[in-house]
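As a plain string of letters, each chain reads:
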Amino acid sequence: MYNFTKIEKKWQKYWDENKTFKAVNDSDKEPYYILVEFPYPSGAGLHVGHVRSYTAQDALARIKRMQGYNVLFPMGFDAFGAPAEQYAIANHIHPKEAVKENIKTFKGQMLSLGFSFDWDREFSTTDPDYYKWTQWQFLQFYKHGMAYKAKKDVNWCPKCKIVLSNEDAAGGVCERCGSQVVQKEKSQWMLRMSDYAEDLIKGLDDTNFADRVKLGQINWIGKSKGAEVDFTVSETGDKLTVYTTRCDTLFGVTFMVLAPEHPLLDKLSDMITNMDEVRKYREFAKSKSAFERTEINKDKTGVRLEGITVTNPLNGKDVAIFISDYVMMGYGTGAIMAVPAHDQRDYEFAKKYNLEIIPVISGGDITKEAYTGDGEMINSDFLNGYTNKKESIERMLEYLQEKKIGRPKVNYRLQDWVFSRQRFWGEPIPMIYCEKCGWQPMDEKDLPLLLPDVAEYEPTDDGESPLAKIESFVNTTCPKCGGNAKRETDTMPNWAGSSWYFLRYMDPHNDHEFASMDAMKYWKRVDWYNGGMEHTARHLLYARFWVQFLYNIGLVPSKEMIWTRVSHGMVLGSDNQKMSKSKGNVINPDEIVSDYGADVLRLYEMFMGDYQQDAPWNTSSLRGCKRFIDRIYRLKDKLNNNDGYTKALEAIQNKTIKGLTYDIERMGYNTYVSKLMILTNAYEEMESISKEDYRLLLILLNPVAPHLTEELNEEMGYDIIANATWPICDESKVAEEEREIAVQVNGKVRATITIGIQEDEESIKNKALECDNVKKHLEGLEIVKIMVIKNKIVTIVAK
RNA sequence: GCCUGAGUGGCGGAAUAGGUAGACGCACAGGACUUAAAAUCCUGCGAGAUUCAACCCUCGUGUCGGUUCAAGUCCGACCUUAGGCACCA
């Protein structure tokens, strides 16, 4: 019938040669910036999941262009990181080469799918021209006191021999290899992300992110309002501050728990009579992986600090101090007041060590479990009788502040960003260590600091980056004193390059700035950012943090540079499972393109289901889409020589235009396609159709299936659809004169009647009552009420 | 445990503001065309009862309640499932 491969190649070549989709930075048109997450170019090639989201955004881009916007729709590659490095180690080639190959594959696949990316703006995060600016921005963090080096207990993967961020070690398991993560002390570069916790929450108000995305961000930041309360070590007078969200229960404190790492232990080691036991517990806690340590339902463990006690500042009562690993040094003050009567964890601990449990809120049965509900305050001196939790907390806070033993305090779970990786394949951190001058930033004019060309990428056994073995890289001179100095050998995390790439697209060839202020002011922001659900917490938060920082130092025009963020669902295998080689359910887009064509694959992936939900692959359904495309092609046999639109089609044509324009705004791609099928069905029922009719259908279908539609459009002798204007619905053509509506008797549909759109209520009521079946159901009943809901339904209530 | 989604025919899924549930497609069945098959076209297709047939009737959107003339849609409790977080004081 037609050779789709030939047609698709023809138009892909045309678009490429004519730079049809090039975005310009100096246009009078309204800018519109559509972004899809750039892919990690893995060896496996493009996934059908990529095709889904790229097609969706491509359709949006094509429509927005037709609507007269200057559309920026760029693509690039996020190519630093572990997989490329692992691949390089296994195959003994430089990751640079592997990445180059993979990018070639990915780009070839994308081109074969006809996405309207502006390829003139393409870059990879591994390009020195790009990572030069990532390094430059790191220096700005450093120069503004936002980057610091700290000895931290970090998540250490014994197999990959790398340090992992909390995010990468989620659940105590290495995200890459699944090994159990252990704790190891290392000197790390950190970014002060926790300083931005509040701004990152507030900034969400200036975005149009989906609610579930906003909530994900808020939960990740983990804001908690509470109080700090100062206790004192009875024997020494040392202050010991705790953080609590329930200061109203202070009279129920029967012991205190410190994190095993708490610094007070070292300070008072002379006082603690069982220090050996304490040290042993500390070692024990440290040896445990994060997973074991945070595992729920496990027995509480701990050691009592003999020789010291602590005084409750409220009632002067002395209570015992314990250390236990259920208290974390990284949150709050690393010390808690234990109220076993009203906290599950404290309760378990108290039960195990036989500690006193004093209820201060009435209601529960403390012989059975900790009572976390509300009730009247008891055993609480001035709080006795309070029944409202909020009021009790407020009253207690007043008291604490009055006595200067406590203060309101807000805590966040969000921690500073561990920014070092002991890897080869990342952006080198442009810092130099001099024995005399300490850490010194590289001179900005010496950037980029290039990764050396070497053959060894394995990390050292002690966890240093492979770069540490390369003397020509390590040895340098101090930028300050000129003496011998050594470079930082850690590299940046994978998240670095993707934290600002959307800014670079606005001005990708700029060689004296990461992007000019003019360019960023012109494009304003990313209007529509699409990505996977798995990136809505971390990547998005890092990117927002990065932008907020750049804004605060005057380098970007606004604090939030991403307006709408949406997440797409996964394309699952036909067995409803995540696609994976081991399950043998992987669909290769190349095969589909060669067997069915890119248009069919694109159409099918839009049609397969709700874009924001996961959807399983179904080859039969794909064939149905092929059938539809073939029907579109065959419609050309129906062409007549009439001018304009066929009268009988105008209503449905305009209705379709209206529906599609609405669908695209709300990401209703599946209904977008179904409406086109309905329109096509209507065309097929006609004896013949005009060229205008046909062209309209082709324009409407073009965003999803751009190749064949351009071809058929060209055959009729029209200018290309990419230059066309998106049609606007003519409401006067949609307006119907009559409508069929239902008649209900006591809530059940009993008949349908045809009414005029302007028909008056009385006449409609009479029509309804005349229906045989309505009469039948009203027999023996008395009509209570008749309601006419305009142009929708007539409902009769009878008794 | 907490936070997010999602539960609708044999299947993927529609239903935009509470108003005729099942659009559109797949699969399946019957028919047309064909020497035959493929392709294409036509018809049917939630379950049940009844009927020569049609109309008509009953039930039906995870479960149980509620609000309403009217609920897939709103409210309350619960179940299942996917994802995220998780001893965060």
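Since the model is a prediction, treat every value here as computed from it, not as a measurement. (Residues numbered from 1 in each chain as written. Chains lettered and ligands numbered in written order. Predicted model: local features only at pLDDT ≥ 70, side-chain atom pairs only at ≥ 80, totals over all residues. Heavy atoms only, no water.)

### Digging into the overall build of chain A
Heads up, the rule is: Here a helix means four or more residues in a row that DSSP labels H or I, a strand means two or more in a row labelled E, and each is numbered from the N terminus. Only protein chains enter the calculation, and the probe is 1.4 Å; a residue is then buried if its accessible area is under 20% of its type maximum, exposed if over 50%, and partly exposed in between. The contact rule is simple, with two residues in contact once any of their heavy atoms fall within 4.5 Å. Note on areas: these come from Shrake-Rupley sampling with a 1.4 Å probe, and a residue is covered only by the protein chains present in the view. Counted as positive: Lys and Arg. Counted as negative: Asp and Glu, with His and the chain ends omitted from the count. Taken as the charge centre is NZ of Lys, CZ of Arg, CG of Asp or CD of Glu, depending on the residue.
When its secondary structure is counted, chain A shows 26 helices and 25 strands. Structurally, chain A occupies a C-alpha span of about 100 × 85 × 50 Å along its principal axes. Expressed as a percentage of its 799 residues, the buried residues of chain A come to 55%. Here the contacts in chain A between residues at least 6 apart in sequence split such that 72% fall between residues at least 24 apart. As presented, chain A carries roughly 35500 Å² of accessible surface, and 47% of it is formed by carbon and sulfur atoms. For chain A, the separation between the mean place of its 103 positive charges and that of its 118 negative charges on side chains is 1 Å.

### Here's the deal with the nonpolar core
Stated formally: In this text, buried Ala, Val, Leu, Ile, Met, Phe, Trp, Tyr and Cys residues form a nonpolar core when linked through side-chain atoms within 4.5 Å.
Counting residues in each nonpolar core, the largest one holds 168 residues, and the members touching the most others are Met110, Phe138, Phe502, Leu503, Phe514 and Trp617. Those residues in contact with phenylalanine 502 that lie beyond four places of it in its chain are Tyr33, Leu35, Val526, Ala543, Val547, Met561 and Ile562.

### Comments concerning the sheet that holds strand β1 (residues 31-36)
Applied cut-off: In this scheme, strands are said to pair when DSSP sees at least two bridges between them. Note on geometry: axes are lines fitted to C-alpha atoms, helical ones only across the stretch in contact, with angles between N-to-C directions running from 0 to 180 degrees.
If you walk across this open sheet you meet the four strands as β2-β1-β18-β19, and the pairing is parallel. One side of each edge strand has no neighbouring strand; the edge strands of this open sheet are β2 (70-72) and β19 (562-568). Each adjacent strand pair in this sheet contributes to an overall mean axis angle of 20°, direction not counted. As defined by bridge partners, strand β18 (residues 526-532) adjoins β19 across six bridges and the pair is classed as parallel. Note that in β19 the partner of tryptophan 528 across the bridge is threonine 564. Contacting β1, β2, β18 and β19, helix α2 (residues 48-66) crosses the sheet at an angle of about 170° to β1.

### Looking at the sheet that holds strand β14 (residues 431-434)
The strand order β15-β14-β17-β16 describes an open sheet built from four strands, whose pairing is antiparallel. The strands lining the two open edges of the sheet, one partner per strand, are β15 (438-441) and β16 (475-477). Averaged over all pairs of adjacent strands, the angle between strand axes in this sheet comes to 40°, irrespective of strand direction. One ladder, built from two bridges, connects β14 with strand β17 (residues 484-487); its direction is antiparallel.

### Side note on the environment of isoleucine 652
Checked against the element boundaries, isoleucine 652 lands in helix α20 (residues 650-665). With relative accessibility at 26%, the residue isoleucine 652 sits in the partly exposed group. Considering only alpha carbons, one finds isoleucine 652 and proline 41, 611 residues apart in sequence, at a separation of 44 Å. In contact with isoleucine 652, not counting residues within four places along its chain, are Ile678, Leu679 and Ala682.

### Quick word on the packing of α20 against helix α21 (residues 669-685)
Our working definition: Angle categories are assigned with fixed cut-offs, so that under 35 degrees is roughly parallel, over 145 is roughly antiparallel, 65 to 115 is roughly perpendicular, and the rest are oblique. Classification convention: Asp, Glu, Lys, Arg as charged; Ala, Val, Leu, Ile, Met, Phe, Trp, Tyr, Cys, Pro as nonpolar; all other residues, Gly among them, as polar.
At their nearest, the axes of α20 and α21 sit 9 Å apart, and the two run at 170° to each other. When the axes of α20 and α21 are compared, the pair comes out roughly antiparallel. Packed against α20, whose contacting residues are Ile652, Gln653, Thr656, Gly659, Leu660, Asp663 and Ile664, the element α21 presents Tyr669, Thr671, Tyr672, Lys675, Leu676, Ile678, Leu679, Ala682 and Tyr683 at the interface. Residue classes in the contact of α20 with α21 are distributed as ten nonpolar, four polar and two charged.

### Brief notes about the packing of aromatic side chains
Which entries qualify depends on this criterion: Classification of ring pairs uses Phe, Tyr and Trp, with its six-membered ring standing for Trp, and accepts pairs whose centres are within 6.5 Å; under 30 degrees between planes counts as stacked, over 60 as edge-to-face, and the remaining range as tilted.
The final tally for this structure, using the stated rule, is 48 aromatic pairs. The interplanar angle of 55° and the centroid separation of 5.6 Å between the aromatic rings of phenylalanine 80 and tyrosine 131 together place this pair among those described as tilted. Pair noted here: phenylalanine 80 is in the loop between β2 and α3 (82-91) and tyrosine 131 is in helix α5 (residues 128-143), with a separation of 51 residues, a long-range link. Here the two residues phenylalanine 80 and tyrosine 131 agree in accessibility, since each one is buried. Relative to tryptophan 189, the ring of phenylalanine 138 has its centre 5.9 Å away and its plane inclined at 90°; by these criteria the two rings are edge-to-face.

### As for the pattern of salt bridges
Quick note on the threshold: Salt bridges are identified by distance alone: a Lys or Arg side-chain nitrogen within 4 Å of an Asp or Glu carboxyl oxygen.
Under the definition given, this model contains 41 salt bridges. Across the pair lysine 317 and glutamate 356 runs a salt bridge, and its minimum N-O distance is 3.7 Å. Of this pair, lysine 317 sits in the loop between β9 (303-311) and β10 (318-323) while glutamate 356 sits in the loop between α11 (344-353) and α12 (389-402), and the two are 39 residues apart along the sequence. Assessed through its relative accessible area of 29%, lysine 317 is described here as partly exposed.

### Quick look at the confidence of the model for chain A
Here is the rule we go by: The predictor reports its confidence for every residue as pLDDT, a score running from 0 up to 100.
Residues of chain A with pLDDT of at least 70 account for 96%, and the chain-wide mean is 91. Looking at the elements of chain A, mean pLDDT is at its lowest for helix α10 (residues 290-294), recorded as 52, and at its highest for helix α14 (residues 501-504), recorded as 98. Per the prediction output, this complex has pTM 0.93; the corresponding ipTM is 0.95.

### Topic: unusual backbone geometry
Cis geometry marks the peptide bond from leucine 447 to proline 448; its omega dihedral reads 0°. Residues other than glycine seldom take positive phi values, yet asparagine 576 does so here, at roughly 70°. In this structure, asparagine 576 sits in the loop between β20 (571-572) and α17 (589-596).

### Points about the pairing of β10
In terms of burial, β10 is a largely internal element, five of the six residues being buried. As defined by bridge partners, strand β8 (residues 255-258) adjoins β10 across four bridges and the pair is classed as parallel. Counterpart to phenylalanine 255 in the pairing with β10 is alanine 320. For β9 and β10, the ladder comprises five bridges, and the chain directions are antiparallel. Counted as the bridge partner of valine 303 is isoleucine 323 from β10. The turn joining β9 and β10, which pair antiparallel and follow one another in sequence, is formed by six residues; a positive phi near 70° is taken by glycine 316.

### Some remarks on the packing of helix α19 (residues 619-634) against α21
The test is simple: Two helices cross in a left-handed way if the nearer one is turned anticlockwise from the farther one by less than a right angle. They cross in a right-handed way if the turn is clockwise.
Their axes nearest at 11 Å, the elements α19 and α21 cross at an angle of 40°. The angle between the axes of α19 and α21 places the two elements in the oblique class. Read as a crossing pair, α19 and α21 show a hand that is left-handed. Between α19 and α21, the contacting residues are Phe628, Arg631 and Ile632 on the first element and Leu676, Met677, Thr680, Asn681 and Glu684 on the second. When its residues are assigned to classes, the contact of α19 with α21 shows four nonpolar, two polar and two charged.

### So, the environment of methionine 271
Within the element layout of this structure, methionine 271 appears in the loop between α8 (264-267) and α9 (275-287). In this structure methionine 271 comes out as partly exposed when scored by relative accessible area, which is 31%. Residues contacting methionine 271, with those up to four places away along its chain left out, are Glu235, Thr236, Glu306, Gly307 and Ile308.

### Focus: the side chain of threonine 476
Along the chain, the position of threonine 476 falls in strand β16. In this structure, threonine 476 is in contact with Ile432, Gly483, Asn484, Ala485, Lys486 and Arg487, ignoring residues within four places of it in sequence.

### So, helix α25 (residues 761-770)
Here is the rule we go by: The arc in question is the one spanned by the directions pointing from the helix axis to the C-beta atoms.
Those residues of α25 that fall on the buried side of the exposure criterion are Ile764, Lys765 and Ala768. Viewed end-on, α25 has its buried residues packed into an arc of 100°, placing them on one side of the element. Packing partners of the buried residues in α25 comprise β22 (738-745), β23 (748-756), α26 (772-778), β24 (783-789) and β25 (793-798).

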